[in-house]
There are 2 protein chains.
Amino acid sequence: MDFGIDTIRTAAERLHGRVRVTPLLSSPMLDELTGAQVLVKAESLQLTGSFKIRGALDTLLSLTAAERDAGVLAFSTGNHGQAVAASAQMTGARATIVMPQDAPRIKVEGVRWWGGEVVFYDPSTQDREDVGHGLVAERGLTLVHPYDDVRVMSGQGSVGLEVIDQLREGGHSPDAIVLPCSGGGLASGTIEAVRSTHPAVTPFVVERDGYPKMARSLASGRVETVPAVPVFLDAIGSPTVGQHTLAALSRHPVTPLTVTDDDARVAMRAAFRTLKLVLEPGGSAALAAVLAQRERFAGQTVVVVASGGNVDASVYAEVLAG
Amino acid sequence: MDFGIDTIRTAAERLHGRVRVTPLLSSPMLDELTGAQVLVKAESLQLTGSFKIRGALDTLLSLTAAERDAGVLAFSTGNHGQAVAASAQMTGARATIVMPQDAPRIKVEGVRWWGGEVVFYDPSTQDREDVGHGLVAERGLTLVHPYDDVRVMSGQGSVGLEVIDQLREGGHSPDAIVLPCSGGGLASGTIEAVRSTHPAVTPFVVERDGYPKMARSLASGRVETVPAVPVFLDAIGSPTVGQHTLAALSRHPVTPLTVTDDDARVAMRAAFRTLKLVLEPGGSAALAAVLAQRERFAGQTVVVVASGGNVDASVYAEVLAG
């Protein structure tokens, strides 16, 4: 696997001017709530509402004209799907997105808004990779993997390069960085980048309570699988991790944490009140871990990646009602 | 009145590193909704959740030690109050904030969180300026006016200097700039700044439908007063404008617009869905005008100032429910 700070830098150069530099935000009220100095990388403000455009667009830009003409496919609960549909539109390709029937509506609408064709599957009876690979074979499409691809991991790593610049500008020295973890693309890229300049920073990845596929994979040294995660935290819902993402994360002293749906609700309300950010449940997972484990982070400077903000209005209103 | 680009630059230098540079955001979906290229200056992400910290802190920093020791007072529906309380805390002063009984709870809590003392008044029977001036005389406090003060207007104008930088970085040439208008502090400062480098930009100020105090004041050339604005759009709820803000805005070809509460609701939902920003009703007024008057802005590049995000969760949930 040729993955590291050099592939991340190359991806960031390719993405320059095409994706947004998202702000690193903070709030004195949030610092009081957590007992830490929390710096929130607001990828919810990224084009398509999540970090996923970084890895997807980096991949689309690396395809040959023939591959783009034939079209691309992604399987996704929604954020990767929107990102691939948008990247396809930006590069003149056609996108087919395989999504679970119960995906948030805002994500389905987002894929279609960007011109992607949606193909639904039933997550209780079908495996999304089987459905996706079937369509790839049938239609001659190129699969844009949601995480287990060096281009995707490197693109997501551009989050980390921005964080490095923003830490320097703010005069901050981080003790920890905390990221939501689904298949591991965001975590592997960002941790690789940030630890290239801050080797002492402690990396944490956050999974759904009861579905710790990355924790188990890091422990056993091989790819482990869990059942499908309940839909609320769909953005960290991958039932497994990648060969490449596991190998990349294994280079670092990663501590896995878990959060419950209620932890995410608390974090979404805190982001609403103190940062004025709309976060989706999975996008709030890292903040949720820092809020739920006050003792662990007390007194530290903690970079928290808020990975996305694509949440249905009805779900968000329910969460605010508490 | 000594107010202009020089006083704004001086204020911006004083505020540098103490307030945030807020992002200028955009969304392809929002551009489709409006038919324009919309660039949203997200002052909702500012410290204290609105632009008000700029003018308040600029004023507090200009006080003598004796004035700071004696304490400051502000009358405010909430955003200016939070800003003055925060600015007082940041400069070692004590703040008394006069607020209407029906102010949004999140704003009352914000004032108290920053260490401000809240004094309520009844907006149906009392005039907030009378209450404020009474306390100033009684306690020997310095009044920090919410808008009609050159230091406040110059501080708010730092929004415009940031917009100029961000337009240049993005390679944008704006046709119009649209701002919410309460007493006119934000509008006068920001329009003065942006038109110093973009003299051809058309400035718009947005008021509550039926309560056009600035429109009437600009037409008559003197300060006009309207009844108290209903609480939903409290952030643009000043019943009058300032001598200084009116004089400053009169230098420019300002077009006043109005929006209804429902226009603001539509804009809040659009900001939620397309930008993932929490906007309060008054903070969405400029975006509401652009959404409601599609024909006026079609095909143009429009800078929209989203002035604040301090909205109670219950109100926000109701707006999302539509």
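Cut-offs used in this document
- Each chain carries its own residue numbering, running from 1 in the written order of its sequence.
- In the order they appear in the text, chains get letters beginning with A and ligands get numbers beginning with 1.
- For this predicted model, a pLDDT threshold of at least 70 governs which residues receive local features, and a threshold of 80 or more governs which side-chain atom pairs are given and counted, while totals over whole chains, interfaces and linings are taken from all residues.
- To get the side-chain values, take all heavy atoms of the structure and skip hydrogens and water.
- Each helix is a run of H or I in the DSSP string that is no shorter than four residues. Each strand is a run of E no shorter than two, and both are numbered from the N terminus.
- Only the C-alpha atoms count toward the radius of gyration. The rule for a globule is 2.2 Å times the residue count to the power 0.38.
- Here, two residues are considered to be in contact whenever any of their heavy atoms come within 4.5 Å of each other.
- Here the Shrake-Rupley method, with its probe set to 1.4 Å, supplies the accessible areas, and only the displayed protein chains count as covering residues.
- Counting rule applied: Lys, Arg positive; Asp, Glu negative; His and chain ends not counted.
- Charge positions come from single atoms, namely NZ of Lys, CZ of Arg, CG of Asp or CD of Glu.
- Copy-to-copy superposition: least squares on the C-alpha atoms, limited to residues that have pLDDT of at least 70 in both copies.
- The term buried area means the drop in 1.4 Å probe accessible area that two parts suffer when joined, counted for both and summed.
- The salt bridge definition used is simple: a Lys or Arg side-chain nitrogen within 4 Å of an Asp or Glu carboxyl oxygen.
- Polar contact is defined as a pair of N or O atoms within 3.5 Å, subject to the rule that within protein one atom must be able to donate a hydrogen and the other to accept it, and that residues adjacent in sequence are counted only when both atoms are side-chain atoms.
- Amino acid classes used here: Ala, Val, Leu, Ile, Met, Phe, Trp, Tyr, Cys and Pro are nonpolar; Asp, Glu, Lys and Arg are charged; the rest, including Gly, are polar.
- Those domain boundaries reflect an automatic or database domain assignment.
- UniProt positions are given in the numbering used here, feature names are shortened, and annotations may be inferred rather than shown by experiment.

Details of the overall build of chain A
Step number 1: A tally of regular secondary structure across chain A gives 15 helices and 10 strands.
Step number 2: What you see for chain A is a C-alpha radius of gyration of 18 Å, in line with the 20 Å of a compact globule of 322 residues.
Step number 3: Contacts in chain A between residues far apart in sequence, at least 24 positions, make up 74% of those at least 6 positions apart.
Step number 4: Of the roughly 11,200 Å² of accessible surface on chain A, 47% is carried by carbon and sulfur atoms.
Step number 5: The positive charge centre, built from 28 side chains, and the negative charge centre, built from 35, are 3 Å apart in chain A.

Overview of the relation of the copies chain B and chain A
Two chain copies here: they are related by a rotation about an axis and a translation along the same axis.
Step number 1: Mapping chain B onto chain A is achieved by rotating through 180° and translating by 0.0 Å along the same axis, at an RMSD of 0.0 Å. These values place the two chain copies in the arrangement generated by a two-fold rotation axis. Nearest to the rotation axis, the C-alpha of Ala317 of chain B is located 2.2 Å from it, this being the minimum over chain B.
Step number 2: With an isologous cut-off of 70% or more, the 100% of interface residues of chain B that recur at the interface of chain A puts this contact in the isologous class.

Quick look at the interface of chain B and chain A
Step number 1: Contact with chain B, which involves 30 residues of that partner, is made by 30 residues of chain A.
Step number 2: Counting each side, the surface lost to burial between chain B and chain A is near 2,500 Å², with a carbon and sulfur contribution of 73%.
Step number 3: When the buried area of chain B at its contact with chain A is split by residue, Trp113, Phe272 and Lys276 of chain B rank highest and sum to 28% of it.
Step number 4: Connecting chain B to chain A are zero salt bridges.
Step number 5: Put simply, chain B and chain A have eight residue pairs in polar contact (both at pLDDT 80 or more) between them.
Step number 6: Of all the secondary structure elements, the ones that give two or more residues to the side of chain B that touches chain A are helix H2 (28-34), helix H6 (105-113), helix H12 (261-275) and helix H15 (313-321) of chain B.
Step number 7: At four residues, H15 of chain B tops the list of elements feeding residues into the side of chain B that touches chain A.
Step number 8: Among the residues making up the side of chain B that touches chain A, the classes are represented as 18 nonpolar, seven polar and five charged.

Describing the domain arrangement of chain A
Residues and elements named next belong to chain A.
Step number 1: One can read the domain layout of chain A as domain 1 (5-51 + 150-321) and domain 2 (53-143).
Step number 2: Placing a centre on the C-alpha atoms of domain 1 and another on those of domain 2 gives a separation of 23 Å.
Step number 3: The interface of domain 1 with domain 2 comprises 30 residues on the first partner and 22 residues on the second.
Step number 4: Regarding the contact of domain 1 and domain 2, the summed buried area is about 2,200 Å², with carbon and sulfur atoms giving 54% of it.
Step number 5: Connecting domain 1 to domain 2 are five salt bridges.
Step number 6: Of the charged contacts in the structure, one is a salt bridge between Arg54 and Glu162, with a shortest N-O distance of 2.9 Å.
Step number 7: Taken together, the links from domain 1 to domain 2 amount to 15 residue pairs in polar contact (both at pLDDT 80 or more).
Step number 8: Those elements that place two or more of their residues in the side of domain 1 that touches domain 2 are helix H1 (5-15) and helix H8 (150-170).

Considering the UniProt feature "domain: Tryptophan synthase beta chain-like PALP" (unreviewed entry) in chain A
Step number 1: This chain's UniProt record puts "domain: Tryptophan synthase beta chain-like PALP" (unreviewed entry) on residues 19-308 of chain A.
Step number 2: Each end of residues 19-308 of chain A is marked by a C-alpha atom, and these two atoms are 14 Å apart; helix forms 46% of the span and strand 17%.

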